[in-house]
Every structure is written in C-alpha cells, then in structure tokens.
Amino acid sequence: MERKTYQVHLEKNTNISMDVIPGHFSTGHFHTNYFLDVSELKSNAKLAREVARELALPYFSTTAVDTIVCIENTKVIGAYLAEELLAEGTAVMNEGGEIHVVTFKNAPDGKLIFYDNEVKLITNKNILFLTTTVSSGQSVKGALECLSYYGGRVAGISSLFLFSGAELDGREVKTLFTSDDIPGYRVYDADECGLCKAGHPLEALISSEGYKKI
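Calculation notes
Residues numbered from 1 in each chain as written. Predicted model: local features only at pLDDT ≥ 70, side-chain atom pairs only at ≥ 80, totals over all residues. Heavy atoms only, no water. Helix = DSSP H or I, 4+ residues; strand = E, 2+ residues; numbered from the N terminus. Rg over C-alpha atoms; globule rule 2.2 N^0.38 Å. Buried < 20%, exposed > 50% of the residue type's maximum accessible area, 1.4 Å probe, protein only. Contact = heavy atoms within 4.5 Å. Axes fitted to C-alpha atoms, helices over the stretch in contact; angles between N-to-C directions. Parallel < 35°, antiparallel > 145°, perpendicular 65-115°, else oblique. Left-handed = near helix turned anticlockwise from the far one by under 90°. Nonpolar A, V, L, I, M, F, W, Y, C, P; charged D, E, K, R; others polar. 1 Å grid on protein atoms, 1.4 Å probe; cavity = no way out; pocket = protein on both sides within 12 Å on 5 of 7 lines; lining within 4 Å. Points joined across faces, edges and corners; volume = space filled by probe spheres on them.

Draft legend 1. Up close: the overall build of the protein chain. Of regular secondary structure, the protein chain possesses 5 helices and 14 strands. Computed over C-alpha atoms, the radius of gyration of the protein chain comes to 18 Å, within 12% of the 17 Å expected from 2.2 N^0.38 for 214 residues, which places it in the range of a compact globule. Seen through its principal axes, the protein chain has C-alpha atoms that stretch 55 × 40 × 30 Å. Within the span of the protein chain, comprising 214 residues, buried residues form 47% of the whole. A fraction of 66% describes how many contacts in the protein chain between residues 6 or more apart in sequence connect residues 24 or more apart.

What follows is the structure, given as structure tokens:
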C-alpha cells in the first residue's frame, strides 16, 4: 500500500504537502479510495506554523475571532493560527484582543460536548472551527450542531483538505487542498461502495489519527 504513496504540494507554499496513498479504505462514515496523511502538518511545529499562516489569510481584515475550536488533533495549528490573527499590522481585525484555543470533548454516548468551565469560551463568542479533512461533511455537521447548542457563532470554517462533494448545507470552508488536487478522489457510502462492488478488498481502517491495515 505505502509503495504507491505520492506527495501533493501547496502551489503557493511548496513546504506544505500531504502524503496521498491510493487504496480502499474505510472510516466510521464512508469508504474512500485515498488516505490523506497530514500528520506531519499537525505535529511538526515548523510546518504547523506555516500552515497557520496560510489559513489565517482569509480572516485578517474581515473576521472577528474570539475562540478557535479544534478537532482531529489540530490544536498545534490552532495555537499558531491564533498567534497569526492577533499579530500587529494594518487592518488586522483581532489585533490587541484575546483568542482562546479549545477542543471538543467526547461524552460517554459519543456526542461532542464542552466541559462546564469552557462553555464561557463558546457561548455568544465568534468561533473559528478548524478541522483536518472534510470528506463526507458528517463530522463538520456534528461539530456545528454542538457549537450551535452552546450558543457559539460560527465565523469561519477552515480545513487542510476539502472534498468538493461534501454535504455542508451551503457552508463555505477555507481550505489548503481540495479534491481537485487529487484526480479521481472518491467518497462512497459503505453500502454503495464502487470498490466493494468491483471486488476490491478493504486495505485499512482510517481516522484522523492515521491508518490500521486490515
């Protein structure tokens, strides 16, 4: 599986890249024909800072942000993103303010929650939601429902990768990479998977943490 890996670089900053592995993979929500490994962008401090600089660009002069809510282990990027949005400069919306960086917690029933001491950072606050990949759109919908429940105002959604076919109810996502960067990228409902119907066995289970071969 790994021998087929190739890299896709961000055109305007070639230091930023993701490893793309073709195959047949399953998540908790869907099947797909590619695993996108962005773990280096999330865990390498130098690269995470560069990613944050790119993600901050659409928000500098237009968007007030009180809290960055991270999911899928993006908190390192989130911290650098807050730093970028608070920078001094001409027309920097958040200059001189404060931005908190938090992440969701999982309740015993699997639902997303915030602990009571963090609710004050969400309710009536301008939220920038940060995730790794948006493929089916289900994880994003769940996160936005949680933020709405706690009274947060979603000021923006950012990701490292966006599938153009994701169901987002018209929500705009600011992203580094899209499925246009990976010709042939597909997402299938598990019971309608074209790879399964063609007799291709599953190769690995994937999540935001990585992959586990079957």
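From this point on, the discussion continues.
Draft legend 2. Local environment of helix α3 (residues 75–85). When we look at burial in α3, the residues that qualify are Ile77, Gly78, Tyr80, Leu81, Ala82, Glu84 and Leu85. Contacts made by the buried residues of α3 are with α1 (39–43), α2 (45–56), β4 (67–70), β5 (100–103), β8 (126–130) and β10 (153–162).

Draft legend 3. Geometry of the packing of α2 against α3. For the pair α2 and α3, the least separation of the axes is 8 Å and the interaxial angle reads 50°. On the basis of their axis angle, the class for α2 and α3 is oblique. The two elements α2 and α3 cross, and the hand of that crossing is right-handed. Contact residues: α2 offers Ala45, Ala48, Arg49, Val51, Ala52, Arg53, Leu55 and Ala56, while α3 offers Val76, Ile77, Tyr80, Leu81, Glu83, Glu84 and Leu85. Among the residues forming the contact of α2 with α3, the class breakdown is 11 nonpolar, no polar and 4 charged.

Draft legend 4. Broad picture of the layout of surface pockets. Quantified by volume, the largest pocket comes out at close to 520 Å³. Lining the largest pocket are 28 residues, with Thr27, Glu72, Thr133, Ser207 and Ser208 sitting closest to its centre. Grouping the amino acids of the lining of the largest pocket by side-chain chemistry returns 10 nonpolar, 14 polar and 4 charged. When its volume is computed, the second largest pocket comes out at roughly 260 Å³. As for the second largest pocket, its lining consists of 14 residues, and the residues nearest its centre are Ile71, Glu72, Phe104, Asn106 and Leu112. Its residues placed into classes, the lining of the second largest pocket shows 4 nonpolar, 8 polar and 2 charged.

Bear in mind that shape data such as this cannot, by itself, settle questions of function.
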